[in-house]
Amino acid sequence: MKEEGVRLLDPDDEVVERIIQQHEEELDYCDKVLYRRCIEDFEKVNLCELTEEQVKGPIKVFLINWGMLSGVLERDGKKGWEKRLLNVFKEHCKTLEKFRKLKLEEEDLSKFKEDIKQCYEAIRSEVGPTGASKVLHLINPEFFPMWDEKIRKKVSCEYKKLTRKRIGESGEGYYKFMNAIQELLLKKKELWTKWSEKTGKSKLRIIDIYLWWEVNKDES
């Protein structure tokens with residue numbers, strides 16, 4: 001029996017099916033020309049040999065043109081973020097490359113907790129919490145889930161009902177979010193697998209689509 005009020009983290013299959021079908025009908029073109037292209041281009045990048053041109057290529061396009069983060073990244077305090085983010089990659093490239101071999105559904109996250117927190121915090125300092133999750137997702141769309149402020153806050157409310165702990169925007173918060181999404185991934189594994197195979201998107205992208213539509217439904 002579902003705990004009353006817990007919906008995002010324990011959805012009905014029919015709700016997910018309807019949302020994914022709607023997304024495919026209305027926004028799949030955007031996924032193909034921006035999201036998927038950035039993912040495919042970045043897969044070819046050696047993170048320890050990353051260049052500023054590559055930061056201004058798939059990373060910047062992913063954050064600004066697809067992720068709609070121009071308002072965040074163009075603030076005075078964030079100007080020059082591309083060069084600073086490049087330095088973050090240089091400092092953490094070996095750890096980030098190791099992450100590329102992982103799948104969220106298969107891993108014991110506790111083994112990677114400190115590395116996840118450290119890399120997330122370093123990236124967040126340059127592109128903010130939403131941008132950090134998107135950069136990590138770009139590195140490995142099968143391991144790092146994305147969030148924005150609305151998703152984080154609504155998932156946090158439900159996570160608190162289940163664990164009595166909130167999810168903040170820190171590295172610790174992102175690690176908790178990964179745990180919550182891992183549980184959701186495993187709970188509905190057949191459903192996410194079905195739509196991943198049907199659309200060619202990662203299971204975490206399917207979950208992100210579901211979460212985004214669900215938390216924004218009152219505004220549509």
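The paragraphs below set out a description of the structure included in this document.

Quick notes on the rules
- For every chain, the first residue of its written sequence is number 1, and the numbers climb from 1 along that sequence.
- Since the coordinates come from a predicted model, pLDDT governs what is reported: local features require at least 70, and pairs of side-chain atoms require 80 or more to be given and counted, while whole-chain, interface and lining totals use all residues.
- Each side-chain value is derived from all of the structure's non-hydrogen atoms; neither hydrogens nor water enter the calculation.
- In this description a helix means any DSSP run of H or I spanning at least four residues, a strand means any run of E spanning at least two, and both kinds are numbered starting from the N terminus.
- Working definition: with a 1.4 Å probe on protein chains only, accessible area under 20% of the residue-type maximum means buried, over 50% means exposed, and in between means partly exposed.
- Pairs of cysteine sulfur atoms within 2.5 Å are identified as disulfides in what follows.
- Axis lines are fitted to C-alpha atoms, over the contacting stretch for helices. Their N-to-C directions set the angle, which ranges from 0 to 180 degrees.
- Each angle receives one of four descriptions, namely roughly parallel if under 35 degrees, roughly antiparallel if over 145, roughly perpendicular if within 65 to 115, and oblique otherwise.
- Note on definitions: a residue-residue contact is assigned when non-hydrogen atoms from the two residues lie within 4.5 Å.
- Any residue that is not Ala, Val, Leu, Ile, Met, Phe, Trp, Tyr, Cys, Pro, Asp, Glu, Lys or Arg is counted as polar, Gly included; the first ten are nonpolar and the last four charged.
- Put simply, buried Ala, Val, Leu, Ile, Met, Phe, Trp, Tyr and Cys residues joined by side-chain atoms within 4.5 Å make one nonpolar core.
- Each helix should span, by expectation, one fewer than its residue count multiplied by 1.5 Å.
- Two rings from Phe, Tyr or Trp (for Trp, the six-membered ring) form a pair when their centres are within 6.5 Å of each other. A pair whose planes differ by under 30 degrees is stacked, one over 60 is edge-to-face, and the rest are tilted.
- Put simply, a salt bridge is a Lys or Arg side-chain nitrogen that is within 4 Å of an Asp or Glu carboxyl oxygen.

Here we look at unusual backbone geometry
Right, so step 1: A positive phi is found at Met 68, a non-glycine position, where the angle reads about 60°.
Right, so step 2: Within the secondary structure, Met 68 sits in the loop between α3 (52-66) and α4 (70-73).
Right, so step 3: Assessed through its relative accessible area of 65%, Met 68 is described here as exposed.
Right, so step 4: Look at Arg 164: it is not a glycine, yet its phi comes out positive at around 65°.
Right, so step 5: Its location among the elements puts Arg 164 in the loop between α7 (149-163) and α8 (171-187).
Right, so step 6: On the accessibility criterion, Arg 164 (78% relative accessible area) is exposed.

Remarks on the state of the cysteines
Right, so step 1: Enumeration over the complete set of coordinates arrives at one disulfide.
Right, so step 2: Take Cys 38: it sits in no disulfide, and the sulfur closest to it among the cysteines is that of Cys 30, at 9.9 Å.
Right, so step 3: No disulfide involves Cys 119; its sulfur sits 10.0 Å from that of Cys 93, the nearest cysteine.

A few points about the packing of α3 against helix α5 (residues 81-99)
Right, so step 1: Direction vectors running N to C along α3 and α5 enclose 105°, while the axes themselves pass 10 Å from each other. Between α3 and α5, the angle is such that the two are roughly perpendicular. From α3, Glu 52, Val 55, Lys 56, Ile 59, Lys 60 and Leu 63 reach across to α5, where they touch Trp 81, Glu 82, Lys 83, Leu 85, Leu 86 and Phe 89.
Right, so step 2: For the contact of α3 with α5, a count of residues per class yields seven nonpolar, no polar and five charged.

Re the nonpolar core
Right, so step 1: Ile 59, Leu 85, Phe 89, Ile 116 and Tyr 210 are the most contacted members of the largest nonpolar core, which has 71 residues in total.
Right, so step 2: Looking at which element gives the most residues to this core, the answer is helix α6 (residues 113-139), with eleven residues.

Focus on α8
Right, so step 1: For α8, with 17 residues, the first-to-last C-alpha span of 24 Å sits near the 24 Å given by 1.5 Å per residue.
Right, so step 2: When you tally the buried positions in α8, you get twelve out of 17 residues, the bulk of the element.
Right, so step 3: Every buried residue of α8 is accounted for by Gly 171, Gly 173, Tyr 174, Tyr 175, Lys 176, Phe 177, Met 178, Ala 180, Ile 181, Gln 182, Leu 184 and Leu 185.
Right, so step 4: On the buried face of α8, the contacting elements are α6, α7, α9 (189-199) and α10 (203-215).

A closer look at the packing of aromatic side chains
Right, so step 1: Tallying each qualifying case throughout the model produces 15 aromatic pairs.
Right, so step 2: A ring pair is formed by Phe 42 and Phe 89, whose centres lie 6.4 Å apart and whose planes are at 75°; its orientation type is edge-to-face. With Phe 42 in helix α2 (residues 28-43) and Phe 89 in helix α5, this residue pair connects regions lying 47 residues apart in the sequence.
Right, so step 3: For Phe 42, a relative accessible area of 0% gives the class buried.
Right, so step 4: Among the residues examined, Phe 89 registers a relative accessible area of 0% and is labelled buried.
Right, so step 5: Residues Phe 112 and Phe 143 carry aromatic rings whose centres are separated by 6.2 Å and whose planes lie at 80° to one another, so their mutual orientation is edge-to-face. Residue Phe 112 is found in the loop between α5 and α6, and its partner Phe 143 is found in the loop between α6 and α7; the two are separated by 31 residues along the sequence.
Right, so step 6: Residue Phe 143 is classed as buried on the basis of its relative accessible area of 0%.

Some words on the pattern of salt bridges
Right, so step 1: This model, assessed by the stated rule, comprises 24 salt bridges.
Right, so step 2: When the shortest N-O distance is used, the salt bridge between Lys 201 and Asp 31 registers 3.7 Å. Taken together, the residues span a long stretch of sequence, with Lys 201 in the loop between α9 and α10 and Asp 31 in helix α2 at a distance of 170 residues.
Right, so step 3: Judged by relative accessible area, which is 3%, Lys 201 ranks as buried.
Right, so step 4: Residues joined by salt bridges that share partners form a network here, namely Glu 24, Asp 28, Asp 31, Lys 32, Lys 201, Arg 205 and Asp 208.

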